[in-house]
Amino acid sequence: MSRQRLRVLDLDASLPDQEPVRERLADGRARRLDLSGLGPALRLWSSARDWQRLEMALAEDEAASGAPFLTMIGSGDYHHVSAALIARAPGPLTVIHFDNHPDWCRCFPARHCGGWVNMALAQDHVRRVVTLGPCADDLNRPDRKGANLTALSNARLQVFAWNRPPTLTRREVADGEGHHCRNGLILWRNLAEENFRAFMTRLIETLPTRQIWITVDKDVLAADEAATNWDQGEMPLGRVVEAIRLLGERCEIVGADLCGDYAPARHRHPMKLAEAWMDQPRKEPSGGAEGARRRNARTNAVLLDALEAFA
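A. Main features of the side chain of K272. Assignment of secondary structure puts K272 in helix α9 (residues 270–279). Notably, K272 is buried but unbridged: the nearest opposite-charge side chain belongs to D50, and the N-O separation is 6.7 Å. A polar side-chain atom of K272 sits 3.1 Å from the main-chain carbonyl oxygen of P40.

B. Here's a closer look at the pairing of strand β13 (residues 252–261). Burial analysis of β13 places 9 of its 10 residues in the buried class, which makes it a mostly covered element. Pairing analysis gives 5 bridges linking strand β4 (residues 70–75) to β13, with the strands arranged parallel. Bridge assignment links M72 to a residue of β13, and that residue is L258. As paired strands, strand β12 (residues 211–217) and β13 are joined by 7 bridges and run parallel to one another. Bridging from a neighbouring strand, T215 pairs with D257 of β13. For the crossover that starts at β12, traverses helix α8 (residues 237–250) and ends in the parallel β13, the hand is right-handed.

C. Region of interest: the sheet that holds strand β5 (residues 93–98). Pairing within the open sheet is parallel, and its 8 strands lie in the order β2-β1-β4-β13-β12-β5-β7-β8. Both edges of this open sheet fall to β2 (30–34) and β8 (157–160), since each of them pairs with a single strand only. Taking each pair of neighbouring strands and ignoring which way they run, the sheet shows an average axis angle of 15°. Relative to strand β7 (residues 126–132), β5 runs parallel, the two sharing 6 bridges. Looking at β7, one finds that I96 is bridged to V130. Against the sheet, helix α7 (residues 196–206) contacts β7 and β8, and its axis sits at roughly 170° relative to β7.

D. Here's a closer look at helix α3 (residues 48–65). The end-to-end C-alpha distance of α3, which contains 18 residues, comes to 26 Å, matching closely the 26 Å that a straight helix rising 1.5 Å per residue would cover. Where α3 is concerned, the buried positions are D50, W51, L54, A57, L58, D61 and E62. An end-on view of α3 places all buried positions within 125° of arc, on one side of the element. Seen from the open side of α3, the exposed residues pointing more than 90 degrees away from its buried face are R49, E60, A63 and A64.

E. Quick peek at the packing of α8 against helix α10 (residues 288–308). Between α8 and α10, the least distance of the axes is 9 Å, while the angle of their chain directions is 15°. Viewed along their axes, α8 and α10 adopt a mutual orientation that is roughly parallel. Between α8 and α10 lies a crossing of right-handed hand. Residues L237, V240, V241 and I244 of α8 form the contact with α10, whose own contacting residues are T299, V302, L303, A306 and L307. Looking at the contact of α8 with α10 residue by residue, the classes come out as 8 nonpolar, 1 polar and no charged.

F. View of the state of the cysteines. Applying the stated rule across the entire model yields 0 disulfides. Of all cysteine sulfurs, the one in C105 lies closest to C107, which takes part in no disulfide; the gap is 5.2 Å.

G. Structural view of the packing of α7 against α8. Put simply, α7 and α8 touch, their axes get as near as 10 Å, and they point 35° apart. Once α7 is placed against α8, the crossing between them reads as right-handed. Between α7, through F196, R197, M200, T201 and I204, and α8, the contact on the second element is made entirely by R239, E242, A243, R245, L246, L247 and R250. Counted by class, the contact of α7 with α8 contains 6 nonpolar, 1 polar and 5 charged residues.

H. Highlighting the pattern of salt bridges. Counted by the stated rule, this structure contains 23 salt bridges. The salt bridge involving R24 is made with E308; its shortest N-O contact spans 2.8 Å. Taken as a pair, R24 in helix α1 (residues 19–27) and E308 in helix α10 lie far apart in primary sequence, 284 residues in all. Because the salt bridges share partners, they merge into one network encompassing R7, R31, D61, E62 and R88.

I. How the structure looks around the nonpolar core. Counting 44 residues, the largest nonpolar core has L54 and W104 as the members making the most contacts within it. With 43 residues, the next largest nonpolar core counts F98, I204, V216 and L247 among its residues.

J. Representation of unusual backbone geometry within the structure. In this structure, P92 follows G91 across a cis peptide bond, with omega equal to 0°. With respect to the element layout, P92 can be found in the loop between α4 (81–87) and β5. In this structure, the amide linkage connecting F108 to the following residue, P109, adopts the cis form with an omega of -5°. Although it is not a glycine, A155 adopts a positive phi angle of roughly 70°. Positionally, A155 belongs in the loop between α6 (149–154) and β8. Its relative accessible area of 27% is what places A155 among the partly exposed residues.

Quick notes on the rules
- Along each chain, residue indices are assigned from 1 in the same order as the chain's sequence is written.
- Where local features are concerned, this predicted model is filtered to residues with pLDDT of at least 70; where side-chain atom pairs are given and counted, the filter is 80 or more; whole-chain, interface and lining totals use all residues.
- To get the side-chain values, take all heavy atoms of the structure and skip hydrogens and water.
- Secondary structure counts use DSSP, requiring at least four H or I residues in a row for a helix and at least two E residues in a row for a strand, with both numbered from the N terminus.
- Whether a residue is buried, partly exposed or exposed follows from its accessible area with a 1.4 Å probe, protein chains only, as a fraction of its type maximum: under 20%, in between, or over 50%, in that order.
- His residues and chain termini do not enter the charge count, which takes Lys and Arg as positive and Asp and Glu as negative.
- A pairing counts as a salt bridge when a side-chain nitrogen of Lys or Arg comes within 4 Å of a carboxyl oxygen of Asp or Glu.
- Here a polar contact means two N or O atoms within 3.5 Å. Within protein one must be a hydrogen donor candidate and the other an acceptor candidate, and residues neighboring in sequence count only if both atoms are side-chain atoms.
- Strand pairing is assigned whenever DSSP detects at least two bridges linking the two strands.
- A right-handed crossover is one whose linking path, passing over the helix from the first strand to the second, runs clockwise when the strands point away from the viewer.
- Each axis is a line fitted through C-alpha atoms, and for a helix only the stretch in contact is used; angles between axes span 0 to 180 degrees, taken between their N-to-C directions.
- By definition in these notes, contact holds between two residues if any of their heavy atoms fall within 4.5 Å.
- Working rule for helices: expected span equals 1.5 Å times residues minus one.
- It is the directions from the helix axis to the C-beta atoms that the arc portrays.
- In what follows, roughly perpendicular refers to angles from 65 to 115 degrees, roughly parallel to angles under 35, roughly antiparallel to angles over 145, and oblique to any angle outside these ranges.
- If you view the pair so one helix is near and one far, a crossing is left-handed when the near helix is turned anticlockwise from the far one by less than a right angle, and right-handed when it is turned clockwise.
- Any residue that is not Ala, Val, Leu, Ile, Met, Phe, Trp, Tyr, Cys, Pro, Asp, Glu, Lys or Arg is counted as polar, Gly included; the first ten are nonpolar and the last four charged.
- Any two cysteine sulfur atoms within 2.5 Å of one another count as a disulfide.
- Only buried residues count toward a nonpolar core. Its members are Ala, Val, Leu, Ile, Met, Phe, Trp, Tyr and Cys residues joined through side-chain atoms within 4.5 Å.

Here it is, written out as structure tokens:
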């Protein structure tokens, strides 16, 4: 990997002290962009004014040091930052999205970690978003949760669950590669039950573009492989790495980002306090904050090696 191809957005202090990140910062393979002053304003969702501050910070950083191949973001509470990164990438491209949640809701405010997929789909150079690995209850009754079922029906958005039983919907949804709709039920194609290499081979053959962007939220993994601020899924780390390798061998990865680290939240905004109380686990991960840091450091080391191989 060439020097300075990894950028660490320090929004929540979850990253710089992790060993694989600290090593790369120390030997010059990575650079840190201090956004700690903006972190609370961006967490969970952002106003238009603070989003503009983020975009200006990214532009100034890239003017000074060049656009990085890979950006680490911190907590999954900042996954909407991916949309700002993707907006700066060359196209046309397909976004490959590993996550326990589809992040497909029409949210208010619009710049929201639960709706950033729609922000990506609104960009002219993004042809499709492919979401791999969700197990979360966000897939249940999507018609009541503001899910972008139009994009799911027209295949601009494809969702491939890892392990999820059928879910109810009262809105008609056209069949897609990752699901079928029958009698008010969405029947998800569960990747846990499939030959994963064969699935990935077929997926790559049907992508609308050769250029891809990869975004990984570590809450797609089980709790023994990562510790996050959200409920977690079941996709094994080995499968995520296998998918990255196959994608990198057969596509052109134009950029990537990685989030899903654990960082205690200290919200002051009442809406953010309420949203975190309703949507997120109310206890620390196993082993506390230090155990979470060590667990995430081990997994980040594996994911960094996998992604850097294609920088």
